[in-house]
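Inside the fold
Listed here are the chains, written in short residue letters.
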Amino acid sequence: MKLQDFPQEIRGSILPKPGGKIIYRCLSCNEEFGIEKLLYTCPSCGQVLLLHDMEFDRLKQRTPEEWRKILDYRKMSNEPAVSGIYRYHEFIGPIVPLDCVVYLGEGHTPLVEAGKQLQEKAGGRFFYKNDGQNPSASFKDRGMASALSYINFLIKSGLVKDVLAVCASTGDTSASAALYASYLQPDIKSAVLLPHGKVTPQQLGQPLGAGAQVFEIPGVFDDCMKVVEALAENYNVALLNSKNAWRILGQESYSYELAQDFDYDMSSKVIFVPIGNAGNITAIMSGFLKFYRCGIIDALPKVVGVQSHHADPVYKYYLEPDEDKRKFVPVTVEPSVAQAAMIGNPVSMPRVISLVRDYNEQSGKKNVFVVQVTEQEIMDWQLTANRFGHVACTQGGECLAGMTAALKQGVMDSSETAVLDSTAHALKFSGFQEMYFDDAFPPEFGVTPKPELQNRPVLVRPADLEKVPAPGKPLEREEFERFVERTSQDIAEKLNLSPRE
Ligand SMILES: N[C@@H](CCOP(=O)(O)O)C(=O)O
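Residues numbered from 1 in each chain as written. Predicted model: local features only at pLDDT ≥ 70, side-chain atom pairs only at ≥ 80, totals over all residues.

Considerations on the overall build of the protein
The condition that has to hold: Strands are runs of DSSP state E lasting at least 2 residues, helices are runs of H or I lasting at least 4, and numbering of each runs from the N terminus. Comment: burial labels come from other C-beta atoms within 10 Å of the residue's own C-beta, placed from the backbone, where a count of 20 or more is buried, 12 or fewer is exposed, and between is partly exposed.
When helices and strands are counted, the protein shows 17 helices and 13 strands. With the C-alpha coordinates of the protein rotated into their principal frame, the extents come out at 80 × 50 × 50 Å. Expressed as a percentage of its 501 residues, the buried residues of the protein come to 46%.

Quick look at the UniProt feature "domain: Tryptophan synthase beta chain-like PALP" (unreviewed entry) in the protein
The criterion, for reference: UniProt positions are given in the numbering used here, feature names are shortened, and annotations may be inferred rather than shown by experiment.
This chain's UniProt record puts "domain: Tryptophan synthase beta chain-like PALP" (unreviewed entry) on residues 104-417. Here residues 104-417 runs as 45% helix and 16% strand, with 31 Å between its end C-alpha atoms.

Examining helix H7 (residues 201-209)
This is how the line gets drawn: Each C-beta atom gives one direction from the helix axis, and the arc is the one those directions make.
For H7, the full list of buried residues reads Gln-203, Gln-206 and Pro-207. Seen from one end, H7 has its buried residues packed into an arc of 80 degrees, which puts them on one side. For H7, the exposed residues lying more than 90 degrees away from the buried face are Pro-201 and Gly-209. With its phi angle positive at about 85 degrees, Gly-211 sits one or two positions after the end of H7.

With respect to the UniProt feature "modified residue: N6-(pyridoxal phosphate)lysine" (unreviewed entry) in the protein
To keep it simple, the criterion reads: Distance between backbone-placed C-beta atoms decides contact: two residues are in contact if it is within 7 Å.
Sites flagged by UniProt as "modified residue: N6-(pyridoxal phosphate)lysine" (unreviewed entry) map to Lys-140. Once residues lying within four places of it in the same chain are set aside, the contact partners of Lys-140 are Asp-172, Thr-173 and Ser-176.

Thoughts on the confidence of the model for the protein
Note the following rule: pLDDT measures the predictor's confidence residue by residue and takes values from 0 up to 100.
With 100% of its residues at a pLDDT of 70 or more, the protein has an overall mean of 97. Here helix H1 (residues 8-14) stands out as the element of the protein with the lowest mean pLDDT, 96, in contrast to strand S11 (residues 302-308), whose mean of 99 is the highest.

A look at the sheet that holds strand S6 (residues 163-168)
Note the cut-off: Only strands that DSSP links by at least two bridges are regarded as paired with each other.
Strand order in this open sheet of four strands is S8-S7-S6-S9, and the pairing throughout is parallel. Every interior strand has two partners, whereas the edge strands, strand S8 (213-217) and strand S9 (238-239), have only one.

Some details on the nonpolar core
What counts is decided by this rule: As used here, a nonpolar core is made of buried Ala, Val, Leu, Ile, Met, Phe, Trp, Tyr and Cys residues. They are joined through C-beta atoms within 7 Å. Segment limits for the domains were obtained from an automatic or database-derived domain assignment.
Within the largest apolar cluster, 135 residues are counted, with the highest numbers of intra-cluster contacts made by Phe-272 and Met-403. For this core, the leading source of residues is helix H5 (residues 140-156), giving eight residues. Formed jointly, this core draws a minimum of three residues from each of two domains, domain 1 (111-135 + 262-453) and domain 2 (139-251). Ignoring anything within four residues of it in the chain, the contact list for Met-403 reads Ala-122, Gly-124, Phe-126, Phe-272, Met-412, Ala-418 and Leu-420.

Some details on the sheet that holds strand S2 (residues 32-33)
Reading across from one edge, S2-S1-S3 is the order of the three strands in this open sheet, with antiparallel pairing throughout. Both edges of this open sheet fall to S2 and strand S3 (49-53), since each of them pairs with a single strand only. Bridge count between strand S1 (residues 22-26) and S3: five bridges; the pairing is antiparallel. Of the residues in S3, the one forming a bridge with Ile-23 is His-52.

Take a look at the structure:
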């Protein structure tokens, strides 16, 4: 819709102008720092940071009705800068001018309700939010659009130049970082660090294709992360992991979209999210809290983090009911099909601890939970979901397994509606499906295929045919007719088809 066609009272708010006052705040010592320089940890005490808008309360000058109207009307604008995560500009990056916004088609991913049969099998009503339908096929693009828009702003303001962006990754962050950096070249180049052999071939191909420098190193993600932290500490590079608080702001868009998808009614909703480096659960809680503080939603949904028993440090932390006795202990991860979340020492853990406290306090009750699932359950539920019309990745399977666990434990009840985060596209993780179908999982995964979920192609090659077509070698007419007749007969037999009357 053209700007002049929006209702008069809304027109001036469709394209937001820069505003607010954003600062970094340390989660431990509360010290505040300006944003002219990229910071990842507190220069005073070394703790992680979050970004705060010192003028956030100005957003409360608009009534909740006005906000909903503005956000809903923005949906109709074709202006690229407000077509993605910056539809929520005032909540994500209010200081970023619209001409610095990098939009590659991220955000506004489909929310798909599971069919009746699948809901019955799983025991509750649920939707998948398909974040694999982002440009680099994962939710990381939300955070990357925010981080790179901000860096673009710094470049355009002459505050930084010739940026080398670096990240450690289990595969999705690197794909996303490389994609967004390549869009902004020559001002930004990227280098990504991957744990050798622990990233799927599809994910490895993504940064290579985008022209990033790809380094594979021994160990697991946690080891790569330490190297990237050392690089960011000692060299002039821009760290693009979610330790970078701009990533968190962008990923808050997930919550804003859900609020909008449900017409701002978040009561009786349960949001399931896998926990890996813990940036996403941080962003989800933070996003809902901001909308709640402005009255845009009038209920905070329940948030349930899900972890595999092969990478469960956050689950273990919350097993201790007494808050004062809780102590965070990183774990050594074991192979996981939810490979994107195979992380034993999440960098956002201090943010999680602080936000869970805040979220529960604002909710007036315990409203954040963490459940644990097995590798077997993750695979079985991923394949089951996809048998019923979804494109869930293994992390999406982890969420559905988490929902069934939450129903059993009474964390969720049958009157509630769940939203499951399929964080990436199923195709990135098709190797795990192949292993399941071929019963080829190495024993350390602990996955035994259920025959009813396995599937394999069947080669049809009638034995009595002398010749069959081959690429570049078509058959003569009669031979070809014979080939079609015999092959269709064989398929009909295998499918048990009855001939037409
Ligand atoms: N699953 C992540 C791990 C890094 O997470 P980040 O959100 O801190 O960048 C990946 O895809 O690499």
